[in-house]
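# Tertiary structure, described
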Amino acid sequence: MLRPRSTGDLVAGLIFVGLGAAFAIGALGYDLGSLLEMGPGYVPLVLGLVLAALGVAIVVKAYVAPDPAPGEVSDAAGSGRAVPDAEVPDGGAPDTEVPDAAASDGVASDRVPTDADVPDPRPLAGIQWRPTVAIFAAVGFFALTVDGLGLLPATFGTGLLAAMARPGTRVLRALLIAVGLTLTSWIIFAVLLQLRLALFGDWLGG
Amino acid sequence: MDLLDNLALGFSEALQWHNVLFCLLGVALGTAVGVLPGIGPTATIALLLPITFGFDDPTSALIMLAGIYYGAQYGGSTTAILLNLPGESSAAVTAIDGHEMARAGRAGVALAVAAIGSFVAGTVATVVLAVAAPVLARAALSFGSAEYFSLVVLGLIASIALASGSMLKALAMIVLGILLGTLGQDMYTGTPRFTFGVRELYQGLNFVALAVGMFGIAEILRNLHDPRTRTRLVSRVTNLWPSRTELRQIAGPVLRATGLGSLLGVLPGGGHVLASYASYAVEKRVSRNPSEFGHGAIEGVAGPESANNAAAQTSFIPLLTLGLPANPVMALMAGAFIIQGITPGPDVMTEQPALVWGLIASMWIGNVLLVLLNLPLIGLWVRMLSVPYSVLFPAIVVFACIGTYSLSQNPYDVLAVAVFGVLGFVLIRSGCEPAPLLLGFVLGPLLEDNLRRALLLSRGDPTVFVTRPISGVLLALAAVALVVTVLPMIRRKRDVVFAEDD
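Residues numbered from 1 in each chain as written. Chains lettered and ligands numbered in written order. Predicted model: local features only at pLDDT ≥ 70, side-chain atom pairs only at ≥ 80, totals over all residues. Heavy atoms only, no water.

### Examining the overall build of chain A
Defined as follows: Starting at the N terminus, helices and strands are each numbered in turn, a helix being any DSSP run of H or I of at least four residues and a strand any DSSP run of E of at least two. Residue exposure (1.4 Å probe, protein chains only): buried if accessible area is under 20% of the type maximum, exposed if over 50%, otherwise partly exposed. Residue contacts are counted whenever heavy atoms from the two residues lie within 4.5 Å of one another. Accessible surface is estimated by sampling points in the Shrake-Rupley manner with a 1.4 Å probe; for residues, cover comes only from the protein chains shown.
Within chain A, the regular secondary structure consists of 7 helices and 0 strands. If you list the helices and strands of chain A from N to C, you get α-α-α-α-α-α-α. Taken over 206 residues, chain A has a buried fraction of 48%. For chain A, the proportion of contacts with a sequence separation of at least 24, taken over those separated by at least 6, is 62%. Carbon and sulfur atoms make up 70% of the accessible area of chain A, which amounts to about 9,800 Å² in all.

This is the structure:
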């Protein structure tokens, strides 16, 4: 099988095709109306088709003329490539300049990308399960339990799941972080900001 | 004189003690979150937005948000200078020379220059805003649906033309944003669209949930995926005040950057990011010793920092006069307006003068507070940088959840955060930018509404968009912008403009 020259283009293109088609098909269920009096389905149908077409174009481009991956594709916040990497002084060999290993959890060892970072040319290969699933689960847990369990238990669970997202984090440490976050949230949101949220929900008899 | 009356009204509003307090609180909070590594102004505002929703007085809420914006921006520069960790690409430029200055023991001077430059630029840009806004708003009042539709199209297209990265993907992200904006009840017929029978979705996707997901959660996922270290904390910040010579050195760059930034800030899609890059390029070109750039040139800090602050201020112009957010931050501000029950646009100027002028005046006050607050507190901000990331990111996740939920106690909003966090992350990884999606989402309903209304008024005649002169001109401009972006030859030149070569 022909391999795409840019998986980023392929993935993005397929997502757009899928979502575009979904919107277009969904729109068919609504009244389309006419040009004079557009119904609720008109705009979503047209734009869904446009999105799918753009997706196809991006997929085709993935095989024919991909974006020159490293350095070309810009990063989340925008014009990452505007400053050529060479111009960003990272002090020669930044990775060797991590100060003392003792500060294993300090800023020094925290890897935080900059906008000069080059995205992975093979995005899906670069997506790790643990952080992605854990963060999704953490936020999802809050959504599903905040009404039933109440603010504090939901916060605890979310904090625990989120803390576990980082590869290498042990359960005990994650538990400590979760407890700390629950206490902090209680102080900030319930005591200081006085938000009227149920601290414990119906499921717990609160 | 009108201008003075307006400013007087604004200052009397903004100087009420509670508004000053909210401004101060906003600046402090914005700096505190903005200083955290890897979080840029957009993410900061998205995360802090929910705090302001409980306010009864919209003026206070917006003043606080504006304060958060400047604070976040300044916080971003602080990390860029001290850690070489720009939270957003506008600060990436500051990092180049700012961090070199810090390594040479001039961190204090670099931070002070950034603050002084921002203050001067902010002051001038506030005046520009005060002068330009009423004029534009008056012109905008004559706009009909066709004009508005064309204006939104122009804004969306221009935001691609001025941004970098793949144009096809940016276009697709805009379209996806508009489609997501169609969720909820159709405004003409009341038909619920794409709600899957869920009542909570009738009002549409929550804008804050989308922004928190795409900018906050996706950003955390990105940080968790990139195990790279390039941080060296410069912990000692001494000698804040620049010398006389240094002050003379930065006078030119600050003034040039202010002009440049004020101009670029008004353009859609450009905003503060484009302004910083352009200013850096200009300063390097006019400098007598360009070789110093990249090795701690003070002009390389003063210019971009002033430019991005000026642009931050003037990018309020399209929002306040036309109701068009020029960049994601303004899209968030527009969202805040709407949640406060105010539709941003030309009418706001005449109907709520106290609010608009209070906001404008508070921008200047915010800049003063920024200088007063941040320079003495540098030590505190530096200490915040030592919070380990393993504690920091779960905290951000938790606060994002609680904040989003507290908006309207709707768990579906939080679910949307989860979905758009992961979707946004995958799209970002695939080389798509989240900003166009957010712009499309905010402008989409405006686009559809005006399209349908214009066609209704013209009895279904689609030529109305080109036969009405203003609308025609706007669409022609949009077409030119699109062609310029697509043509590969010009496209390559555009890259040269961005990537100033040595």
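### Focus: the pattern of salt bridges
Residues and elements named next belong to chain B. Rules: Salt bridges are defined as contacts in which a side-chain nitrogen from Lys or Arg sits within 4 Å of a carboxyl oxygen from Asp or Glu.
This model, assessed by the stated rule, comprises 11 salt bridges over all chains. Between Arg222 and Glu219 there is a salt bridge, with the nearest N and O atoms lying 2.9 Å from each other. Here Glu219 and Arg222 lie together in helix α8 (residues 207-225), a separation of 3 residues that amounts to about one turn. For Arg222, a relative accessible area of 6% puts it in the buried group. Notably, a salt bridge pairs Asp449 with Arg453, separated by 3.1 Å at the nearest N-O pair.

### Section: the nonpolar core
The tendency in soluble globular proteins is for nonpolar side chains to be buried side by side. The criterion, for reference: Residue types Ala, Val, Leu, Ile, Met, Phe, Trp, Tyr and Cys, when buried and joined through side-chain atoms within 4.5 Å, form a set referred to as a nonpolar core.
If you look at the biggest cluster of nonpolar residues, it comprises 186 residues, and the most contacted ones within it are Phe16 of chain A together with Phe316 of chain B. Considering every element that reaches this core, the biggest residue donor is helix α5 (residues 89-140) of chain B, with 15 residues. Residues in contact with Phe16 of chain A, not counting those within four places in the same chain, are Leu51, Ala52, Gly55 and Ile58 of chain A together with Lys169, Ala172, Met173, Leu176, Leu427 and Cys432 of chain B.

### Some words on a nonpolar patch on the surface
Inclusion rule: A patch consists of residues exposed above 30% relative accessible area that lack any salt bridge, with like charges linked at up to 9 Å and nonpolar side chains (Val, Leu, Ile, Met, Phe, Trp, Tyr) linked at up to 5 Å.
A contiguous nonpolar patch, built from Val179, Leu183, Trp186, Ile187, Val191 and Leu192 of chain A and spanning about 550 Å² of accessible area, is present on the exposed surface. When you line up the elements, Leu183 of chain A lands in helix α7 (residues 171-192).

### A few points about the confidence of the model for chain B
The line we're drawing: What pLDDT conveys is the predictor's confidence in a given residue, as a value from 0 to 100.
When pLDDT is averaged across chain B, the result is 82; 90% of the residues are at 70 or more. Under the prediction, the complex receives an ipTM of 0.78, its pTM being 0.79.

### Remarks on the packing of α8 of chain B against helix α18 (residues 434-457) of chain B
Angle between the axes and distance between the axes are the two parameters that describe a pair of packed helices. Residues and elements named next belong to chain B. We apply this condition: Simply put, an axis is a line fit to the C-alpha atoms, just over the touching stretch for a helix, and the angle between two N-to-C directions goes from 0 to 180 degrees. Note on terminology: angles under 35 degrees are roughly parallel, angles over 145 are roughly antiparallel, angles of 65 to 115 are roughly perpendicular, and the others are oblique. Note on residue classes: Ala, Val, Leu, Ile, Met, Phe, Trp, Tyr, Cys and Pro are nonpolar, Asp, Glu, Lys and Arg are charged, and everything else, Gly too, is polar.
The geometry of α8 relative to α18 is characterised by a closest axis approach of 10 Å and an angle of 175 degrees between their N-to-C directions. With respect to α18, the element α8 is oriented roughly antiparallel. Together, Phe207, Leu210, Ala211, Met214 and Phe215 of α8 and Pro434, Ala435, Leu437, Leu438, Phe441 and Val442 of α18 make up the contact between the two elements. Residues that form the contact of α8 with α18 fall into these classes: 11 nonpolar, no polar and no charged.

### Side note on the packing of aromatic side chains
All names here are of chain B. Heads up, the condition is: Classification of ring pairs uses Phe, Tyr and Trp, with its six-membered ring standing for Trp, and accepts pairs whose centres are within 6.5 Å; under 30 degrees between planes counts as stacked, over 60 as edge-to-face, and the remaining range as tilted.
Taken as a whole, this structure holds 10 aromatic pairs over all chains when the rule is applied. Relative to Tyr148, the ring of Phe143 has its centre 5.9 Å away and its plane inclined at 75 degrees; by these criteria the two rings are edge-to-face. For the pair Phe143 and Tyr148, a shared accessibility class is recorded, and that class is buried. For the ring pair Tyr280 and Phe293, a centre distance of 5.5 Å and an interplane angle of 80 degrees mean the geometry is edge-to-face.

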